[in-house]
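# Tertiary structure, described
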Amino acid sequence: MKLAIGNDHAAVEMKLQIMEFLQARGIEVINVGNDDPHDRQDDYPIYGYRVGRLVADGEADLGICICGTGVGISLAANKVKGIRACVCSEPYTAQLSRRHNNTNVLCFGARVIGIELAKMIVAEWLDAEFEGERHQRRIDMIRKIEETGTLD
Ligand code: RB5
């Protein structure tokens, strides 16, 4: 499994620790984030877009995006066609976001949660599987909005 990871200056340390956690699980990590916590000119849309692009193009199976709150970077990732990104601050939502919403990008905030909770969230998200059926119908509706701008 290949996973793309991106972050801004607010999340450099957490990104590095999450990378180690992923690699210990045998996951190949593509780091497209910022590695300089002092670079305040880095803007989170760059990294949300990069992660989203890699996932949407099939160059990564999944993505993880981290900024201060997880919000800005998730908004950017979600603008890439085919991306379903969500911000999670606890494992229950992370797990259900895969089982029901088939999220392909997980986001969280390095200024919101600690590293141990972040690892639990990542583990729940990775271990969960999309359940399809009625949930697929709803994903198809989201795709229709994305592609046509309407549900009509
Ligand atoms: C950067 O200071 C901060 O705004 C960013 O990391 C993120 O929290 C935005 O949503």
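Residues numbered from 1 in each chain as written. Predicted model: local features only at pLDDT ≥ 70, side-chain atom pairs only at ≥ 80, totals over all residues. Heavy atoms only, no water.

### Description of the pairing of strand β5 (residues 105-109)
Burial analysis of β5 places five of its five residues in the buried class, the great majority of the element. Side chains of β5 alternate between two faces, with Val 105, Cys 107 and Gly 109 and Leu 106 and Phe 108 buried alike. Pairing between strand β3 (residues 62-67) and β5: five bridges, direction parallel. Bridged to Cys 65 within β5 is Cys 107. Examined bridge by bridge, strand β4 (residues 85-87) and β5 share three bridges and lie parallel to one another. Along β5, the bridge assignment pairs Val 87 with Cys 107. For the crossover that starts at β4, traverses helix α4 (residues 91-99) and ends in the parallel β5, the hand is right-handed. (Buried < 20%, exposed > 50% of the residue type's maximum accessible area, 1.4 Å probe, protein only. Helix = DSSP H or I, 4+ residues; strand = E, 2+ residues; numbered from the N terminus. Pairing = 2+ DSSP bridges. Right-handed = clockwise from strand over helix to strand, strands pointing away.)

### Some details on the pattern of salt bridges
For the structure shown, the criterion picks out six salt bridges. Among the salt bridges present, the one from Asp 35 reaches Lys 15, with a minimum N-O distance of 2.9 Å. Pair noted here: Asp 35 is in the loop between β2 (28-31) and α2 (44-56) and Lys 15 is in helix α1 (residues 12-24), with a separation of 20 residues, a long-range link. The class for Asp 35 is partly exposed, based on a relative accessible area of 46%. (Salt bridge = Lys/Arg side-chain N within 4 Å of Asp/Glu carboxyl O.)

### Observations regarding the sheet that holds β4
Strand order in the open sheet formed by five strands is β2-β1-β3-β5-β4, with parallel pairing between adjacent strands. Of all strands in the sheet, those bounded by a partner on one side alone are β2 and β4. Sheet twist, expressed as the mean angle between neighbouring strand axes with direction ignored, is 20°. Note: strand β1 (residues 2-7) against β3, five bridges, orientation parallel. Within β3, the position partnered with Asn 7 by the bridge is Ile 66. (Axes fitted to C-alpha atoms, helices over the stretch in contact; angles between N-to-C directions.)

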